[in-house]
Amino acid sequence: MSLIHPTALVDPAAQLHPSVAVGAYSLIGPHVQIAEGSTVGSHCVIEGHTRIGAHNAIHSYAALGGAPQDKKYAGEPTRLEIGDRNVIREFCTLHRGTANGRGVTRVGHDNMLMAYVHLAHDCQVGSHTVFANNAQLAGHVQVGDWVILGGFTVVRQFLRLGAHSFTAMCALLFADLPPFVVCQGQPAVARNVNAEGLRRRGFGPARIAAVRAMYKALYRDNLTLQAAQPRIAALASAGSEAAPDVALMLEFLAGAGKPGIVRRRARSDAADGEGATA
């Protein structure tokens, strides 16, 4: 018995595993590959050079693999790659990469993209993330593992969000968000560390204490970003279980570019200090 609804239009050249189910009125183009166990809801459009892994749940009206919204795009065969066990809810839009960028928009494994999420061209999303409704990424954004974006979060192009970071609802990011940090506001400012999320992921008291110490060096001691990094590095003492977390933070900070990292307070709150900057 076919798992493809008779009203769906699946190009004969598309490569779908026999176990893939496709709902009514969906359209799947010739360069699409979908692995075993994935489901495509009704009224979806999957086009372009798009590769979708195993056991993904793509809900109704999602539009995947569309041409990038970039005026320089000239029809190059760029790609969208989606890993395994992702949930992509209604009306999500994920666009292909650009020749001037990475050439590929990539989503890892075990992510949940809620309704109306948009991933623009060349975005790179890790694994185990949650994007709440209407979270929007502009082009070339990099998102680490275990990141959670609150509803209506908007991220400017070329920014980075470190692993285990968290944005509150309606956050507007104009600078990089370091690992483990919670931000809020328009523009977004650092508020605290994502301690509850870390506890749920098995971080013990010593690791969380080290994360808090890193946050203190970045945001509470009125240090420049350059001065904060040696203090953070000192937390990775011999045999410390927090050493991988410190290494993750230092690697992220080493890549800070012109926008710098989110500040602790807006510029008008100078009396409280602005925290580390690039």
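Residues numbered from 1 in each chain as written. Predicted model: local features only at pLDDT ≥ 70, side-chain atom pairs only at ≥ 80, totals over all residues. Heavy atoms only, no water.

As recorded in an unreviewed UniProt entry, the chain goes by Acyl-[acyl-carrier-protein]--UDP-N-acetylglucosamine O-acyltransferase and comes from Serpentinimonas raichei. According to its UniProt record, the chain has this under Pathway (unreviewed entry): "Glycolipid biosynthesis; lipid IV(A) biosynthesis; lipid IV(A) from (3R)-3-hydroxytetradecanoyl-[acyl-carrier-protein] and UDP-N-acetyl-alpha-D-glucosamine: step 1/6." Turning to the chain, the UniProt annotation filed under Subunit (unreviewed entry) states: "Homotrimer." (UniProt positions renumbered as here; feature names shortened; annotations may be inferred.)

(A) Quick peek at the packing of aromatic side chains. By the definition in use, this model includes 4 aromatic pairs. Ring centres of Tyr 61 and Phe 91 lie 4.9 Å apart, and the angle between their planes is 5 degrees; on these two criteria the pair is classed as stacked. Here Phe 91 lies in the loop between β12 (87–88) and β13 (93–95) and Tyr 61 lies in the loop between β9 (57–58) and β10 (63–66), a separation of 30 residues in the sequence. Since its relative accessible area comes to 39%, Tyr 61 is described here as partly exposed. On the basis of relative accessibility, which here comes to 35%, the residue Phe 91 falls in the partly exposed class. Here a set of aromatic residues connected by ring pairs shows up, and it is made of Tyr 61, Phe 91 and Tyr 116. Residue placement shows Arg 160 over the ring face of Phe 252; its charged tip is 3.9 Å from the ring centre. Sitting above the plane of the Phe 203 ring, Arg 207 keeps its charged end 3.6 Å from the centroid. (Phe/Tyr/Trp six-rings, centres within 6.5 Å; stacked < 30°, edge-to-face > 60°. Helix = DSSP H or I, 4+ residues; strand = E, 2+ residues; numbered from the N terminus. Buried < 20%, exposed > 50% of the residue type's maximum accessible area, 1.4 Å probe, protein only. Lys NZ or Arg CZ within 6 Å of the ring centre and 35° of its normal.)

(B) The arrangement of helix α4 (residues 243–254) in detail. The end-to-end C-alpha distance of α4 is 16 Å, a good match for the 16 Å that 12 residues give at a rise of 1.5 Å each. Along α4, the residues classified as buried are Asp 245, Val 246, Met 249, Phe 252 and Leu 253. With its buried residues spanning 130 degrees around the axis, α4 presents them on a single face. Exposed residues pointing more than 90 degrees away from the buried face of α4 are listed as Pro 244, Glu 251 and Ala 254. (Expected span 1.5 Å × (residues − 1). Arc of directions from axis to C-beta.)

(C) A look at the confidence of the model for the chain. Considering every residue of the chain, the mean pLDDT works out to 93; 94% of them sit at 70 or more. In the predicted structure, residues 266–278 sits below a pLDDT of 50 and forms 24 contacts with residues beyond four places in sequence or in another chain. (pLDDT = per-residue confidence, 0-100. Contact = heavy atoms within 4.5 Å.)

(D) Expanded view of the packing of helix α3 (residues 225–233) against α4. The interhelical angle for the contact between α3 and α4, taken along N-to-C directions, is 160 degrees, at an axis separation of 10 Å. Here α3 lies roughly antiparallel to α4, going by the angle between them. In this structure, α3 meets α4 at a crossing whose hand is left-handed. Across the interface between the two elements, Leu 225, Gln 229, Ile 232 and Ala 233 from α3 touch Val 246, Met 249, Leu 250, Leu 253 and Ala 254 from α4. Looking at side-chain class alone, the contact of α3 with α4 contains 8 nonpolar, 1 polar and no charged residues. (Axes fitted to C-alpha atoms, helices over the stretch in contact; angles between N-to-C directions. Parallel < 35°, antiparallel > 145°, perpendicular 65-115°, else oblique. Left-handed = near helix turned anticlockwise from the far one by under 90°. Nonpolar A, V, L, I, M, F, W, Y, C, P; charged D, E, K, R; others polar.)

(E) Representation of the side chain of Ser 165 in the model. With respect to the helices and strands, the residue Ser 165 is situated in the loop between β23 (160–161) and β24 (166–167). Filtering out sequence-adjacent residues up to four positions away, Ser 165 remains in contact with Trp 146, Val 147, Ile 148, Leu 177, Pro 178, Phe 180, Val 181 and Asn 194.

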